[in-house]
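# Descriptive structure summary
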Amino acid sequence: ITQEFPEDGVLGEEGASRSSRNGRKWIIDPIDGTKDFVRGIPLWAVLIGLEQNGDIVAAAACSPGQSLLLHAGRGMGAWANGERIHVSGRRDLSQSVLSFNGFNKIGVKRFADRVIPWVQRFWAVRSLGGAVDAMLLAQGQADIWIEPNAQPWDLAPLKLLVEEAGGKFSSFDGQNTIYGGNAYACTPALESHVLELLNG
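Residues numbered from 1 in each chain as written. Predicted model: local features only at pLDDT ≥ 70, side-chain atom pairs only at ≥ 80, totals over all residues. Heavy atoms only, no water.

Let us now look at the side chain of Glu51. Looking at where Glu51 falls in the secondary structure, it is placed in strand β4 (residues 45-52). For Glu51, a relative accessible area of 7% gives the class buried. Every residue in contact with Glu51, bar those within four places of it in the chain, is listed here: Gly23, Arg24, Lys25, Ile27, Ile56, Ile178 and Tyr179. (Helix = DSSP H or I, 4+ residues; strand = E, 2+ residues; numbered from the N terminus. Buried < 20%, exposed > 50% of the residue type's maximum accessible area, 1.4 Å probe, protein only. Contact = heavy atoms within 4.5 Å.)

This part takes up the pattern of salt bridges. Summed over the entire model, instances satisfying the criterion amount to ten salt bridges. In this structure, Glu164 and Arg74 form a salt bridge, with 3.9 Å as the shortest nitrogen-oxygen distance. With Glu164 in helix α4 (residues 152-164) and Arg74 in the loop between β6 (68-73) and β7 (78-80), this residue pair connects regions lying 90 residues apart in the sequence. With relative accessibility at 32%, the residue Arg74 sits in the partly exposed group. One salt bridge in this structure joins Lys105 and Glu147, with 2.8 Å as the shortest N-O distance. Linking Lys105 in the loop between β9 (97-100) and α2 (112-119) with Glu147 in strand β11 (residues 144-147), this pair joins segments that are 42 residues apart in sequence. (Salt bridge = Lys/Arg side-chain N within 4 Å of Asp/Glu carboxyl O.)

This part is about the sheet that holds β6. Reading across the sheet, the eight strands line up as β2-β1-β3-β4-β5-β6-β7-β8 and stay open at both edges, with mixed pairing between neighbours. Strands with a single pairing partner mark the edges of an open sheet, and in this sheet they are β2 (17-18) and β8 (83-85). Here strand β3 (residues 24-32) runs beside β4; their pairing, made up of seven bridges, is antiparallel. Looking across to β4, one finds that Asp32 is bridged to Ala45. (Pairing = 2+ DSSP bridges.)

This paragraph deals with the packing of helix α3 (residues 130-138) against α4. At a minimum axis separation of 9 Å, α3 and α4 run at an interaxial angle of 10°. One element, α3, and the other, α4, form an angle in the roughly parallel class. Handedness of the crossing formed by α3 with α4: left-handed. Of the residues in α4, those in contact with Gly130, Ala131, Ala134, Met135, Leu137 and Ala138 of α3 are Leu158, Leu161 and Val162. Partitioned by chemical class, the residues of the contact of α3 with α4 number eight nonpolar, one polar and no charged. (Axes fitted to C-alpha atoms, helices over the stretch in contact; angles between N-to-C directions. Parallel < 35°, antiparallel > 145°, perpendicular 65-115°, else oblique. Left-handed = near helix turned anticlockwise from the far one by under 90°. Nonpolar A, V, L, I, M, F, W, Y, C, P; charged D, E, K, R; others polar.)

Attention now moves to the nonpolar core. Grouped together as the largest cluster of nonpolar side chains are 33 residues, with contacts concentrated most on Leu70, Trp145, Leu158 and Leu161. For this core, the element with the most residues is α4, which contributes seven residues. In terms of nonpolar packing, the next biggest core, distinct from the first, is built from 18 residues, Val108, Phe122, Cys186 and Leu190 among them. (Core = buried A, V, L, I, M, F, W, Y, C linked by side-chain atoms within 4.5 Å.)

Printed below as a string of structure tokens:
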């Protein structure tokens, strides 16, 4: 990136940090799901997002263990291994799949007293890891994704993938940002149920 785009900034989980001189910044997580990677569980991903003037405009998420590559461009749709993808049209929690990344994370504390009754309303619950959960959502295989604790590099490409697949993305406090420290994403018809959990 430095060689090809010397004016671009870089932000990465492994300590990469270079200021942008042109409004563009590459946000990279070389291995999202380190614990899975270490244990040989094929549910980790490489995440790359390109931010321009504060907006994510290009995204890629690759899960090598699943031979799966998702990519998106702002206004260009989202794609998985060359096929256009969309979030589901689910409207009923009893027919929906919830992906919840870490019931043991610190961000759960704000709604811990109501999370179990809320979770019990779903058809199925999964916790496969942040990137993989969001990739399922973008492909219409899951319907709500909750990420209680995350850094920008965990979220940058996933935000655009979900949005370009027709889904909703937000921090817990209602901001359309990757810098809120947490996030949720969902098919549009189910957003009110997510807000019910977050806001009580």
